[in-house]
Amino acid sequence: MKKSRSITSKLPGAAAIAGLLLVWHLVCTFGLVPQFMLPSPGQVLTALWEEFPLLLQHARITLAEAALGLGAGMAVAFVIATLMDRFSILYKALYPLLIITQTIPSVAIAPLLVLWMGFEMAPKITLVAITTFFPITIGLLDGYASADREAAQLLRSMGAGRAQIFWHLKLPSALSHFFAGLRVSVSYAVVGAVISEWLGGFEGLGVYMTRVKKAYAFDKMFAVIVFITAVSLLLMLCVALLRKVAMPWEKYEKLERKD
Amino acid sequence: MTGPVLEARGIAKIYDGATIIQDISLHLEQGELVCVLGVSGAGKTTLFHVLSGLTAPEQGNVYLGGEEITGRPGRVSYMLQKDLLLPHKRIVDNVALPLILRGEKKASAREKASALFGQFGLEGTQMMYPAQLSGGMRQRAALLRTYLGSEGVALLDEPFSALDALTKREIHKWYLQVMEKIKLSTLFITHDIDEAILLSDRIYILGGKPGHMIAELKIDPSRPRPEDFALTHAFADYKREILSYL
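Bear in mind that the values here come from a model prediction, so they are computed numbers and not experimental data.

A. View of the overall build of chain B. Along the backbone of chain B there are eight helices and 10 strands. Against the compact-globule benchmark of 18 Å for 246 residues, chain B has a radius of gyration of 18 Å, which places it among compact chains. Overall, chain B is about 50 × 45 × 35 Å in size when its C-alpha atoms are taken along their principal axes. With 246 residues in all, chain B has 53% of them scored as buried. A separation of at least 24 residues holds for 67% of the contacts in chain B among residues at least 6 apart in sequence. On chain B, roughly 10600 Å² of surface is accessible, and the fraction owed to carbon and sulfur atoms is 52%.

Written out as structure tokens, the structure is:
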């Protein structure tokens, strides 16, 4: 019963995607757009199949950059958010700065990073760290702030110190916000790594993209886009699974809300 | 006869230049259930914050079994209106939290807490999360946590007000029984005059602006009281007297 409902709720989404693919296919079959500019879905799939081993090889580098950058971004986010929560003067000092840095598009600083750090992995990891750090920091800050004040008071009445309140109350309260931030950050991480590879490098999905672009291989362009999208979705799924493992109590809360 | 388990002498608390409570003295004897009743704004919750050590009073002192504990949290356990069970902890870990906070090992804290689950009507809920329990069960878990954190004295701030009437009646009966068994002395706040008369050995009545002591009332007969106590003339007389103060 429950399962069938969840299938019907996903139906409109699937139909929309199928519809879009169909329109795309028809546009190509009737030659509304020149074929060399817009390959048909079938051609893209063929390209994806043929290039798959190569794409995997490039993806290894891109994913390594994304993972290292995300790890660094997370670590910095955790330290900064925790300090900002602990010392309100730091919160007031850094919050505007955080917002401003976020309005700088990563594409704009990428060339600068390449000039400073060269064509190896360092500028890519840095860019990913910069782009992923923000959503996680904001997530943690909101999460810490969402901790129940009365619960904190209760813990204090039990003789809890600041560190104990952090460990038993604030950190767990921040988990759901943290995962929401992480979900956004994993896709940022992949995109950030790809963008920084456009500007130079020897391997990676971004490097592959610039190569096929120069060859006007539109089918391969589309193939790599599909590939990157799939990787991002897969990573978001991993985050969702991780969240389930890390927050086993959530499924009961959802049940309760439904009743 | 030893002295009171909890005593407050001449408590005054000032926030931002405004006196919230002034010259409040009270005592709680071993095994007693005493109620603090008063209009909103009489500073009942502030008084409890002082008694629990969450905030230090400008004047006066708090004693636990004769030892001065003014402004020192962690000695008198305090339960607020909401159950405030932490949603991310299993019931047993929620209940054992006061022990964990004192530095006890998780395994032994869990064991101690678990041993009391039966007495509190919580068998089998150890490994559940708060969201899986009914309101009444959660309240009992919160009471068990309060008890585990206590040195025989519990402060309850409107502990039953969030429950519906039937659950409330049941939990009243149950609380009196449990309290008897575990030798807990309780000081509690309520807005509910009936609840105060039904449960209390004594009632302190606070007046407002600033909060001060108006009267102290002893309720007879002593507990356990007959089932129909709420329907007697004596009960009505107490109610009339209390209303005249408020």
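Now that the structure has been shown, we can carry on.
B. Focus on helix H6 (residues 165-182) of chain B. For H6 of chain B, spanning 18 residues, the distance from its first C-alpha to its last is 25 Å, which sits close to the expected 26 Å at 1.5 Å a residue. Within the span of H6 of chain B, buried status applies to Lys168, Ile171, His172, Trp174, Tyr175, Val178, Met179 and Ile182 of chain B.

C. Broad picture of the domain arrangement of chain B. Residues and elements named next belong to chain B. On domain assignment, one finds that chain B holds domain 1 (1-76 + 155-246) and domain 2 (81-149). A C-alpha centroid distance of 24 Å is found between domain 1 and domain 2. Contact with domain 1, which involves 17 residues of that partner, is made by 12 residues of domain 2. Here domain 1 packs against domain 2, burying approximately 1200 Å² in sum over the two surfaces, 67% of which is carbon and sulfur.

D. Looking closely at the environment of Arg9 of chain B. All names here are of chain B. Here Arg9 shows up in strand S1 (residues 6-15). Sequence separation between Arg9 and Val62 is 53 residues; the distance between their C-alpha atoms is 6.6 Å. Not counting chain neighbours up to four residues away, the residues in contact with Arg9 comprise Ile24, Ser25, Gly60, Asn61 and Tyr63. Side chain to side chain, Arg9 and Tyr63 meet in a polar contact 3.5 Å long.

E. Structural context of the side chain of Lys44 of chain B. All names here are of chain B. Mapped onto the secondary structure, Lys44 falls in helix H1 (residues 44-52). One buried charged residue, Lys44, remains without a salt bridge, the closest side chain of opposite sign being Glu158 at 5.8 Å. There is a polar contact of 3.1 Å between the side chain of Lys44 and the backbone oxygen of Val39. Every residue in contact with Lys44, bar those within four places of it in the chain, is listed here: Val36, Leu37, Gly38, Val39, Ile189, His191 and Leu206.

F. Fine view of the confidence of the model for chain B. Of all residues in chain B, 100% have pLDDT values of 70 or greater, and the mean over the chain is 87. Mean pLDDT across the elements of chain B bottoms out in H6 of chain B (82) and peaks in helix H2 (residues 91-95) of chain B (94).

G. Seen up close, the interface of chain A and chain B. In this complex, chain A contributes 20 residues to the contact, which on the side of chain B involves 22 residues. Carbon and sulfur atoms make up 65% of the surface buried where chain A meets chain B, a total of about 2100 Å² over both sides. Area buried by chain A at its contact with chain B is led by Ser157, Met158 and His168 of chain A, which between them contribute 29% of it. At the boundary of chain A and chain B, one finds two salt bridges. Glu150 of chain A serves as the salt-bridge partner of Lys82 of chain B, at 3.0 Å between the closest nitrogen and oxygen. Across the contact surface, chain A and chain B share five residue pairs in polar contact (both at pLDDT 80 or more). Secondary-structure elements contributing two or more residues to the side of chain A that touches chain B are helix H6 (149-157), helix H7 (162-198) and helix H10 (250-258) of chain A. Top contributing element to the side of chain A that touches chain B by residue count: H6 of chain A, with seven residues. A per-class count over the side of chain A that touches chain B returns 10 nonpolar, five polar and five charged.

Rules behind the numbers
- Along each chain, residues carry numbers from 1 onward, in the same order as the chain's sequence is written.
- Each chain gets a letter, beginning with A, and each ligand a number, beginning with 1, in the order they are written.
- Owing to the predicted nature of the model, reporting of local features is limited to residues with pLDDT of at least 70; listing and counting of side-chain atom pairs is limited to 80 or more, with chain, interface and lining totals taken over all residues.
- Heavy atoms throughout the structure, all of them, feed into the side-chain values; hydrogens and water do not.
- Secondary structure elements follow DSSP: runs of H or I of four or more residues count as helices, runs of E of two or more count as strands, with numbering from the N terminus.
- The globule rule is 2.2 Å times the number of residues to the power 0.38, and the radius of gyration it is compared with is taken over C-alpha atoms.
- Think of it in three bands: residues with accessible area under 20% of the maximum for their type are buried, residues over 50% are exposed, and the middle band is partly exposed, with areas taken using a 1.4 Å probe on protein chains only.
- The contact criterion used is simple: two residues touch if any of their non-hydrogen atoms lie within 4.5 Å.
- Method for areas: the Shrake-Rupley scheme with a 1.4 Å probe, in which residue coverage is limited to the protein chains shown.
- By this rule the span expected of a helix is its residue count minus one, scaled by 1.5 Å.
- Those domain boundaries reflect an automatic or database domain assignment.
- Throughout, the accessible surface (probe 1.4 Å) given up by two parts as they are put together, summed over both, is called the buried area.
- Counting of polar contacts relies on pairs of N or O atoms within 3.5 Å, with two restrictions inside protein: one atom must be capable of donating a hydrogen and the other of accepting it, and residues adjacent in sequence are counted only when both atoms are side-chain atoms.
- Positive charges come from Lys and Arg alone, negative charges from Asp and Glu alone, with His and the N- and C-terminal ends not counted.
- A pair is scored as a salt bridge if a Lys or Arg side-chain nitrogen falls within 4 Å of a carboxyl oxygen belonging to Asp or Glu.
- Confidence scores labelled pLDDT are given residue by residue by the predictor and lie between 0 and 100.
- Think of it as three bins: nonpolar holds Ala, Val, Leu, Ile, Met, Phe, Trp, Tyr, Cys and Pro, charged holds Asp, Glu, Lys and Arg, and polar takes everything else, Gly as well.

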